[in-house]
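So you can see what is in the structure, the chains are spelled out below.
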Amino acid sequence: MIYLDHNATSKLRPEALAAMLPFFSEKFGNPSAAHSGGRAAKEGLERARRAVAKLFNVHFSRVIFTSGGTEADNLAIQGVAAANDYQGHIVTTAIEHPAVSEPIKQMVKQGMRATFVEPDAHGVVNAEAIVTALQPDTKLVSIMAANNETGALQPIEEIGAQLAERNIPLHVDAVQMAGKAPLDLERLPIAYVSVSAHKFGGPQGVGALIVEKNAPLRAQLLGGGQERRRRSGTENLPGIVGFGVAAQMASDNDYAAYTRLEAMRDAMEQRIRHAQVGAAIFSADAPRMGNTSALAFPQVNGETLVIKLDLAGFAISSGSACSSGKTEPSHVLRAMGVASELAQGFVRVSLGWDTQPDQVERFTEALIDQVKQLQSMADPALGVAV
Ligand code: PLP
């Protein structure tokens, strides 16, 4: 199986697995315990915290470990809303992951107001549009760093500067960017940043919210007071240790595992364009992550294409795999103004730390083959192959 669905999840790095294993066995202690077993566990926890902090160039005390990107997003939004007694206004975008948009909708049910800013046709939200959406009681702006479906990078730097002038906190869902490209919070102050380990070679079910000192945040999980009282619950120690190793490897190697992917992705897209199958490549003219390609082909159903390619030994996804099982067209493409017939053809190809050029080349030929087959079978009356 050639795996090109890294925006859904990546394989665990073997170095992360090796570091995790002792924490399932001899180093099984609870990091909060005072005895030597607890101290060994605590040492693993704090080493990982420093590695994650280094990824963002911040002090380790700013890292709150969570159960993943979803919890980090929920904590930021609900935590800020609670700190403001569920009063006021939130600005976000129409292209966020549901881990952001759903809690914001929930806060609206609790009495807050929200504005969802639309992107342009390239899938990029304009910084000025965010500023225009601000209201006198805006308590939070939440915008992703890189979109999970198109890879489009959002102007977080520009937005951050505008908000800093107005003293409005910014939350950035950096799940698709962190660990793959630098995000230096020393240079670019952001109040809350969400990260997830499994998108860049760490294990699933672990992530973090990086919180600026003194930024308002009310804990949402109450209990034993772990994570400096900001997220109670015994930490997922093996997971956190694996997260730390993946973070360390990303910063030690200067993201080398990722910077090489753009050339492979671009070669693939060029070959697809030359094949003359009518490919639409979304966000191709926007700044975007080098590992992601969002494609659609006329008269081809995306789900069908994914299944055909799966049978041929290639894993990609239609739409965003984290909300898989859904058949509605992508909300991201809809917000970009893509016609729904074309959006039905949407597939996402995403490369990762272990992707090799020959895998992408083999995949590209198989993709073109399958698209041609499906287009030749398409019923012109229906417009889409069945
Ligand atoms: N935010 C974005 C942009 C994502 O792509 C994802 C997962 O795909 C998440 C949040 C959720 O992260 P997790 O799977 O760690 O809960």
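Residues numbered from 1 in each chain as written. Predicted model: local features only at pLDDT ≥ 70, side-chain atom pairs only at ≥ 80, totals over all residues. Heavy atoms only, no water.

- Per an unreviewed UniProt entry, the protein goes by cysteine desulfurase and derives from Magnetofaba australis IT-1.
- A UniProt comment under Function (unreviewed entry) is attached to the protein, and it reads "Catalyzes the removal of elemental sulfur atoms from cysteine to produce alanine. Seems to participate in the biosynthesis of the nitrogenase metalloclusters by providing the inorganic sulfur required for the Fe-S core formation." (UniProt positions renumbered as here; feature names shortened; annotations may be inferred.)

**Remarks on the pairing of strand 12 (residues 347-350)**
And step 1. Side-chain alternation along strand 12 places Val347 and Val349 on one buried face and Arg348 and Ser350 on a second face that is also buried.
And step 2. Pairing of strand 10 (residues 292-296) with strand 12 involves four bridges; the strand directions are antiparallel. Across the sheet, residue Ala294 finds its bridge partner in strand 12, namely Arg348. (Buried < 20%, exposed > 50% of the residue type's maximum accessible area, 1.4 Å probe, protein only. Helix = DSSP H or I, 4+ residues; strand = E, 2+ residues; numbered from the N terminus. Pairing = 2+ DSSP bridges.)

**Examining the domain arrangement of the protein**
And step 1. Entries for the protein in the domain assignment read domain 1 (2-7 + 255-377) and domain 2 (14-253).
And step 2. Computed from C-alpha atoms alone, the centre-to-centre distance between domain 1 and domain 2 is 28 Å.
And step 3. Listed as interface residues are 26 residues of domain 1 and, on the opposing side, 32 residues of domain 2.
And step 4. When domain 1 packs against domain 2, close to 2,500 Å² is buried across both sides, 58% of that on carbon and sulfur atoms.
And step 5. A per-residue breakdown of the area domain 1 buries against domain 2 is headed by Tyr255, Tyr258 and Met289, which together make up 30% of the total.
And step 6. Scanning the region where domain 1 abuts domain 2 turns up zero salt bridges.
And step 7. Elements with a contribution of two residues or more to the side of domain 1 that touches domain 2: helix 8 (256-259), strand 10 and helix 11 (331-335).
And step 8. Ranked by the residues each element gives to the side of domain 1 that touches domain 2, the list is headed by helix 11, at four residues. (Domains from an automatic or database assignment. Contact = heavy atoms within 4.5 Å. Buried area = accessible area lost by both parts, 1.4 Å probe. Salt bridge = Lys/Arg side-chain N within 4 Å of Asp/Glu carboxyl O.)

**Let's talk about the pattern of salt bridges**
And step 1. Taken as a whole, this structure holds 17 salt bridges when the rule is applied.
And step 2. Residue Glu46 is joined to Arg49 by a salt bridge in which the shortest nitrogen-to-oxygen separation is 2.8 Å. Note that Glu46 and Arg49 are positioned in helix 2 (residues 36-56) at a spacing of three residues, about one turn of the helix. Pair check on accessibility: Glu46 and Arg49 agree, each one buried.
And step 3. For Arg49, the salt bridge goes to Glu227, with nearest N and O atoms at 2.9 Å. You can see Arg49 sitting in helix 2 and its partner Glu227 sitting in the loop between strand 8 (207-211) and helix 7 (237-252), a full 178 residues away along the chain. The residues Arg49 and Glu227 share a single accessibility class, namely buried.
And step 4. It is possible to trace a salt-bridge network through shared partners that takes in Glu262, Arg265, Asp266, Glu269 and Arg288.

**Details of the packing of aromatic side chains**
And step 1. Across all of its chains, the model carries four aromatic pairs by this definition.
And step 2. Ring centres 6.2 Å apart and planes at 70 degrees place the aromatic pair Phe282 and Phe346 in the edge-to-face group. In this pair, Phe282 is assigned in strand 9 (residues 280-282) and Phe346 in the loop between helix 12 (340-343) and strand 12, connecting sequence segments 64 residues apart. As far as burial versus exposure is concerned, Phe282 and Phe346 are alike and both buried.
And step 3. Counting every residue linked through ring pairs, the aromatic cluster contains Phe65, Phe200 and Phe243. (Phe/Tyr/Trp six-rings, centres within 6.5 Å; stacked < 30°, edge-to-face > 60°.)

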